[in-house]
Amino acid sequence: MHNLDTDTGHTPVSVLGLGLMGQALAAAFLGQGHPTTVWNRSHTKAEPLTAQGAQLAWAVRDAVTASPLVVICVSDYDIVRDILEPVSRDLVGRTLVNLTSGTSHAARETAKWAVDQGAAYLDGAIMAVPPAIGTPNATILYSGPTTAFDQHRQTLSSLGGPVYVGTDHGLPSLFDAAALSLVWSTLNGFLHGAALLCKAGIPATAFARFAKTGIETVADWVPGYAQQIDDGMYPATDSTVNTNLAGMKHLLHESHAADINAELPQLLATLAERAVTKGHGNNSYAAIIEQLRHPSP
Ligand SMILES: NC(=O)c1ccc[n+]([C@@H]2O[C@H](COP(=O)([O-])OP(=O)(O)OC[C@H]3O[C@@H](n4cnc5c(N)ncnc54)[C@H](OP(=O)(O)O)[C@@H]3O)[C@@H](O)[C@H]2O)c1
């Protein structure tokens, strides 16, 4: 199969799925000069892209057979299979890059299926929002055979910084889940703090400045705590679990006094109390990971 377009010298790409993310992906390939074929269940979503030079495929098979590199980004993995199973024989010899979000299990299952069809398969996780696609701010994790990644690294760079995380197809989804745990936990902390202050008549905007500084401070702690986790030792050089637990009890008290939801500080205090019970009171905050490594009691 010819990988390069003879006119442009760029690898032709087909993008299946033109939701908010798929449109951004296709636009980024077009912007870097790749001959780009697009397909979407609802064809009208292709119009802005065809105006920029994309070829519209009316059928999935036409999209798949148009390019050696096929990128799919739809709502979930079941839909990926629904779309591709009827054209599975056309995947032979092509590289399929699945940028749909899902679980590591679904990624590994889909990888097995795709390889059985004769495709090279890369699974990916997009750690960015659509406006960031095509900029250095878009990190996209990939896994699968190194040969397929190396062959298409340059083309995939059109989307943002490609980061190869290994041959295990489940890893991008796992990293994505871990990163989302961080995002949602951080945001819930901000929202809880804002709810507490709003109850006292203080607008969230007044909190935003301190919240941003707090998030940046915590970000600076991450590399050191990560090292402690990998070492399995948690020497307290800044503050102990005991000190943090005392603060959590103040937060719980304030939440009850303000008559707002106290589930989040209660969860934090419960985990810290268990860590203290297990002898980690004088260790660093990172020791609380020992309470997260297993299902809750
Ligand atoms: N948006 C983000 O910020 C973001 C960030 C990271 C990762 N992602 C991931 O990217 C993927 C796509 O997200 P999105 O924001 O583009 O979602 P979206 O705007 O809701 O688009 C969903 C896409 O899936 C297609 N689709 C849904 N059900 C289908 C079906 N039964 N058959 C065929 N096609 C179907 C839609 O086709 P129609 O247009 O015909 O409905 C559309 O192309 C998701 O897995 C998401 O988690 C998104």
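Model, not experiment: these values are computed from the prediction. (Residues numbered from 1 in each chain as written. Predicted model: local features only at pLDDT ≥ 70, side-chain atom pairs only at ≥ 80, totals over all residues. Heavy atoms only, no water.)

Here's the deal with the overall build of the chain
- For the chain, the helix and strand inventory stands at 10 helices and 8 strands.
- With the C-alpha coordinates of the chain rotated into their principal frame, the extents come out at 65 × 45 × 30 Å.
- Here the chain holds 297 residues, and the buried ones make up 39% of them.
- A total accessible area of about 15,800 Å² is found for the chain, and carbon and sulfur atoms account for 58% of it.
- Of the side-chain charges in the chain, 16 are positive and 25 negative, and the distance between the mean point of each set is 3 Å. (Helix = DSSP H or I, 4+ residues; strand = E, 2+ residues; numbered from the N terminus. Buried < 20%, exposed > 50% of the residue type's maximum accessible area, 1.4 Å probe, protein only. Areas by Shrake-Rupley, 256 points an atom, 1.4 Å probe, with all protein chains shown as cover. Lys, Arg positive; Asp, Glu negative; His and termini not counted. Charge placed at Lys NZ, Arg CZ, Asp CG, Glu CD.)

Looking at the site of the ligand
- Close to the ligand lie 20 residues, the nearest being Met21, Asn40, Ser42, Lys45 and Ser101.
- Side-chain polar atom of Arg41 to an oxygen atom of the ligand: 2.9 Å apart, as the coordinates give it.
- Bound to the protein, the ligand loses 72% of the 890 Å² it would expose on its own.
- Looking at the shell around the ligand, the elements with two or more residues in it are helix H1 (20-31) and helix H4 (77-84).
- The residue makeup of the shell around the ligand, split by class, is 11 nonpolar, 7 polar and 2 charged. (Near = heavy atom within 4 Å. Polar contact = N/O pair within 3.5 Å; in protein donor to acceptor, adjacent residues only side chain to side chain. Nonpolar A, V, L, I, M, F, W, Y, C, P; charged D, E, K, R; others polar.)

What about helix H7 (residues 171-199)?
- In a regular helix each residue adds 1.5 Å, so 29 residues correspond to 42 Å; H7 covers 42 Å between its end C-alpha atoms and thus fits that length.
- Considered for burial, the residues of H7 that qualify are Pro172, Ser173, Asp176, His192, Gly193 and Ala194.
- Immediately beyond the C-terminal end of H7, within one or two residues, lies Gly201, with a positive phi of roughly 85 degrees. (Expected span 1.5 Å × (residues − 1).)

A few points about the pattern of salt bridges
- For the coordinates displayed, the defined rule picks out 8 salt bridges.
- One salt bridge in this structure joins Arg61 and Asp90, with 2.6 Å as the shortest N-O distance. You can see Arg61 sitting in helix H3 (residues 60-65) and its partner Asp90 sitting in the loop between H4 and strand S5 (95-98), a full 29 residues away along the chain.
- Overall, Arg61 belongs to the partly exposed group, its relative accessible area being 43%.
- A residue is classified by how much of its surface remains accessible, and Asp90, at 18% relative accessible area, is buried.
- Residue Asp116 pairs with Lys112 through a salt bridge whose shortest N-O separation is 3.1 Å. (Salt bridge = Lys/Arg side-chain N within 4 Å of Asp/Glu carboxyl O.)

Here we look at helix H8 (residues 204-231)
- When the terminal C-alpha atoms of H8 are compared, their 39 Å separation across 28 residues agrees well with the 40 Å that a helix rising 1.5 Å per residue should span.
- A maximum bend of about 35 degrees is found in H8 at Val222, where proline Pro223 lies one to four positions downstream.
- Among all positions in H8, only Phe207, Ala211, Tyr225 and Gln228 are buried.
- Structurally, H8 contributes buried residues whose contacts are with H7.
- The positive-phi residue at the C-terminal boundary of H8 is Gly232, with phi of around 70 degrees. (Bend = angle between axes of the 7 residues up to and from the residue. Contact = heavy atoms within 4.5 Å.)

What to know about the sheet that holds strand S2 (residues 36-39)
- The 8 strands lie next to each other as S3-S2-S1-S4-S5-S6-S7-S8, forming an open sheet whose pairing is mixed. Unpaired on one side and paired on the other, strand S3 (55-56) and strand S8 (161-164) mark the two borders of the sheet.
- Where strand S1 (residues 13-16) and S2 come together, 4 bridges link them in parallel fashion. Looking at S2, one finds that Val15 is bridged to Val38.
- Against the sheet, H7 touches strand S6 (120-127) and strand S7 (139-143), its axis set at about 10 degrees to S6. (Pairing = 2+ DSSP bridges. Axes fitted to C-alpha atoms, helices over the stretch in contact; angles between N-to-C directions.)

With respect to unusual backbone geometry
- One non-glycine residue, Asp259, lies in the positive phi region at around 60 degrees.
- Secondary-structure assignment places Asp259 in the loop between helix H9 (241-257) and helix H10 (263-280).

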